[in-house]
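Chain and residue survey
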Amino acid sequence: MLQIKDLHASINGKEILKGINLSIKKGEVHAIMGPNGSGKSTLSSVLVGNPAFEVTKGSVTFEGKDLLALSPEDRSHEGLFLSFQYPVEIPGVSMVNFMRAAVNEQRKYKGLTALTASEFLKLMREKRAVVELDNKLANRSVNEGFSGGEKKRNEIFQMAMLEPKLSILDETDSGLDIDALRIVAEGVNKLKTPETSCIVITHYQRLLDYIKPDIVHVLYKGRIVKTAGPELALELEERGYDWIKAELGE
Amino acid sequence: MRAEQQYIDLFSQCEAMICKHSAEVLNTPRAQAFADFEKLGFPTRKQEKYKYTDVSKLFEPDYGLNLNRLDIPVNPYEVFKCDVPNMSTALYFMVNDAFYRKALPKTQLPDGVLLGSLKELSEQYPELVGRYYAKLADTSKDGVTAFNTTFAQDGFMLYVPKGVVMDKPVQLVNILRADVNFMVNRRILVVLEEGAQARLLVCDHAMDHVNFLSTQVIEVFAKENSVFDLYELEETHTGTVRFSNLYVNQEAGSNVLLNGMTLHNGTTRNTTEVTLAGRGAEINLCGMVIADKNEQVDNHTFIDHKASDCVSNELFKYVLDDQAVGAFAGKVLVREGAQHTNSQQTNRNLCATREAHMYTQPQLEIYADDVKCSHGATVGQLDENALFYMQQRGISLKEARLLLMFAFVNEVVDSIRLDALKDRLHLLVEKRFRGELNKCQGCAICK
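Structural notes, computed from the coordinates. (Residues numbered from 1 in each chain as written. Chains lettered and ligands numbered in written order. Predicted model: local features only at pLDDT ≥ 70, side-chain atom pairs only at ≥ 80, totals over all residues. Heavy atoms only, no water.)

**Side note on the overall build of chain B**
- Of regular secondary structure, chain B possesses 11 helices and 19 strands.
- Whereas a compact globule of 447 residues would reach a radius of gyration of roughly 22 Å, chain B reaches 21 Å, a difference of no more than 12%.
- The C-alpha extent of chain B, read off along each of the three principal axes, is 70 × 55 × 50 Å.
- Counting across all 447 residues of chain B, residues that qualify as buried make up 62%.
- The long-range share in chain B, meaning contacts at least 24 apart out of those at least 6 apart in sequence, stands at 84%.
- A total of about 17100 Å² of accessible surface is found on chain B, and carbon and sulfur atoms cover 46% of it.
- Averaging the locations of the 47 positively and 58 negatively charged side chains of chain B gives two centres separated by 2 Å. (Helix = DSSP H or I, 4+ residues; strand = E, 2+ residues; numbered from the N terminus. Rg over C-alpha atoms; globule rule 2.2 N^0.38 Å. Buried < 20%, exposed > 50% of the residue type's maximum accessible area, 1.4 Å probe, protein only. Contact = heavy atoms within 4.5 Å. Areas by Shrake-Rupley, 256 points an atom, 1.4 Å probe, with all protein chains shown as cover. Lys, Arg positive; Asp, Glu negative; His and termini not counted. Charge placed at Lys NZ, Arg CZ, Asp CG, Glu CD.)

**Side note on the interface of chain B and chain A**
- Taken together, the 18 residues of chain B in the interface contact 27 residues of chain A.
- Between chain B and chain A lies a buried interface of about 1800 Å² when both sides are counted; carbon and sulfur atoms form 66% of it.
- Remark: the boundary between chain B and chain A carries one salt bridge.
- Taking the shortest distance from any N to any O, the salt bridge between E155(A) and R393(B) comes out at 2.6 Å.
- There are 14 residue pairs in polar contact (both at pLDDT 80 or more) connecting chain B and chain A.
- Listed by contribution, the elements that provide at least two residues to the side of chain B that touches chain A are helix 9 (384–392) and helix 10 (397–413) of chain B.
- Sorting elements by how many residues they give to the side of chain B that touches chain A places helix 9 of chain B first, with seven residues. (Buried area = accessible area lost by both parts, 1.4 Å probe. Salt bridge = Lys/Arg side-chain N within 4 Å of Asp/Glu carboxyl O. Polar contact = N/O pair within 3.5 Å; in protein donor to acceptor, adjacent residues only side chain to side chain.)

**Quick word on the packing of aromatic side chains**
- Tallied over the entire structure, the rule returns 21 aromatic pairs over all chains.
- Measuring from centroid to centroid gives 4.9 Å for F316(B) and F328(B), while their planes differ by 40 degrees, and the two rings are tilted. Residue F316(B) is located in strand 15 (residues 311–320), and its partner F328(B) is located in strand 16 (residues 325–334); the two are separated by 12 residues in the primary sequence.
- Assessed through its relative accessible area of 3%, F316(B) is described here as buried.
- An aromatic cluster is present here, built from Y7(B), F11(B), F34(B), F37(B), F42(B), F59(B), F147(B), F151(B) and F243(B) joined pairwise through their rings.
- Above the face of the W243(A) ring, R239(A) is positioned so that its terminal group lies 4.6 Å from the ring centre. (Phe/Tyr/Trp six-rings, centres within 6.5 Å; stacked < 30°, edge-to-face > 60°. Lys NZ or Arg CZ within 6 Å of the ring centre and 35° of its normal.)

**Topic: the environment of A368(B)**
All names here are of chain B.
- Among the secondary structure elements, A368 is positioned in the loop between strand 18 (357–366) and strand 19 (372–380).
- Among the residues examined, A368 registers a relative accessible area of 11% and is labelled buried.
- Separated by 40 residues in sequence, A368 and F328 have C-alpha atoms that sit 25 Å apart.
- Dropping the residues within four chain positions of it, A368 is found in contact with V334, R335, G337, A338 and Q339.

**Digging into the side chain of E171(A)**
Residues and elements named next belong to chain A.
- Along the chain, E171 falls in the loop between strand 9 (166–170) and helix 7 (178–191).
- Put simply, E171 is tucked away with no salt bridge, and the nearest opposite charge, on K40, sits 4.4 Å away.
- Here the side chain of E171 touches Q85 through a polar contact of 3.3 Å, side chain to side chain.
- Polar side-chain contacts of E171 include one of 3.3 Å to the side chain of H203.

**Observations regarding the sheet that holds strand 2 (residues 14–24) of chain A**
Residue and element names in this part refer to chain A.
- Read across the open sheet, the four strands follow the order 2-1-4-5; overall the sheet is antiparallel. Both outer strands of the open sheet, strand 2 and strand 5 (65–66), are each paired with one neighbouring strand and no more.
- Two elements, strand 4 (residues 54–62) and strand 5, share two bridges in a ladder whose sense is antiparallel. If you follow T61 over to strand 5, its bridge partner there is D66.
- Contacting strand 1 (2–11), strand 2 and strand 4, helix 1 (residues 40–48) crosses the sheet at an angle of about 105 degrees to strand 1. (Pairing = 2+ DSSP bridges. Axes fitted to C-alpha atoms, helices over the stretch in contact; angles between N-to-C directions.)

**Notes on the environment of M405(B)**
All names here are of chain B.
- Within the secondary structure layout, M405 lies in helix 10.
- With 123 residues separating them along the chain, M405 and E282 place their C-alpha atoms 29 Å apart.
- If we ignore the near neighbours within four places in the chain, the residues touching M405 are V319, L350, L382 and F433.

**Details of the pattern of salt bridges**
- The final tally for this structure, using the stated rule, is 37 salt bridges over all chains.
- E247(A) is paired through a salt bridge with K226(A); the nearest N and O atoms lie 3.3 Å apart. Taken together, the residues span a long stretch of sequence, with E247(A) in helix 10 (residues 242–247) and K226(A) in strand 12 (residues 223–228) at a distance of 21 residues.
- By relative accessible area, K226(A) is classed as partly exposed at 23%.
- Two residues, R239(A) and E235(A), come together in a salt bridge whose shortest N-O distance is 2.7 Å. Of the two residues, R239(A) and E235(A) are both situated in helix 9 (residues 231–239); the distance of four residues between them amounts to about one turn of the helix.
- We classify R239(A) as partly exposed; its relative accessible area is 45%.
- When salt bridges that share partners are traced, they join R186(B), D204(B), E232(B), E234(B) and R242(B) into one network.

Listed below in structure tokens is the structure:
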């Protein structure tokens, strides 16, 4: 589904990603862990086309297409979704108008007709249930005045609405209490199908108790320095990152 | 005094003609107004109040005037279908400065309400109109007001007697219509007696592709406990220059809402002066500007808190694209003794390009010690993070920008106290941002 080859990227002339290689197959869940500042969020930003980052080298193929050549919105239409670490508040734009624009632009891209108002509201109702998102929140402005937990739930709600092929969860567990974490993780699991894949970026094992990864990677100084099975996450939780740094001769 | 001279000459030559085609009430203050105009001239940019609009330059070109009151052939009811749908308004027209009375809507006005041509009502009720006309608009203080009072021959008047509530909003459509570059000097007079209630929507349209210059002076007298909404909507074109001076006097317990919206224009200068003269009066003063190309909009407001326990809420929002220029200067004066004043002024502006310019000047002067006042002004760009967030969800950059701009001005549209007009404005604003609104929506004039 996704092939990243020798990906280099920088921000304001500073190189953050220094040659990422990663391959994700249909149905797989990959966890990316690593110490602060290792480039995890940069990787997710580059994949979804955040204009703040510049790709200096390498290639990314998504479902056979050159991902880096696509605009951010077309990457979304092709089935790429990012659950933001810090979801943005958009005062004055209602969730309903926001989601309707998003869903209908995706439909247009796929050559489908726009949903009618009642079809759309029905869809909203259905998907809200996935993450137990309150109707009141759905009627408010996007993320405005939402608590940290509500914002993350709202991200997963949007994921449910857009049904992406590949979802990137960027520290979706940060700022969540145990109950909110469970609801969010269960939401992600409900949306999981054999056809969809997931990249989970996290600092902690905790989220991975709920969303079981097939493969765990350690990102360090802009490179993937270790790849193993789910047991790696447990080992990191127990031993920290120093032993990996030691293995790298630091 | 180059720009002034042609008008001084014109008035000296045509005074008799101007007076002949107007009414005694309008002629009475004319000589004084002319003397004031000769003395003041047009305001210059050296004056703080007119810093952002070069008035003389705008008056310099040669415009035709219809001082002889020739009938301008147009039937607005035929060419103009631009009603606000689902909002049963009593719809009236002014062609240039003349009230169109050949065909009037079959609206049953409440007893005692006077509505129509200012000139005709002045002739019928000279004592009543004379009590109010040119009493708020001080010609000794503003060159444009002096100019307008010198040349104005007609306009519109609405008088609502004591305790009368007009359920149906009144819509007045000003149509600028001429075959040559043309000047219009128009007056509007609104009087609400004690406890009266009315709503007036004034739409400005330019029908022909010639250059227009219009000056308009509106005087509003809101007596005790009266309620009045005035919505002004400008949808003209880039060849239009508009000067509108609005004077409002509010007595105790009155509640007035003023909302000026500029959707399409050339160069616009709106001056609004509100006096809160009686205890417990409330003013809500809002403005919205959407400008692009070389459009210019300058709003100058002054709220004078003279009495105690008054409330003023002011909100102006601008969205400027291309090389558009916006200016907002808002002064709130809380006089000695105006205790328990609650005043809030907000001006927020978006510049969508590097070439768009916004000048903002909030001013607050307080001489009372038990008041609650705040003011704030911002100029900014669209939020890049919000744009990217929307793009990630599949919304195109263009659409995301529209959603943000739309959201930005919505607050002003939402202040409208007429639901049908609010819905209509939401639509108009959206179309304006999408570029689907060339001049005005749905009217035959803009075919």
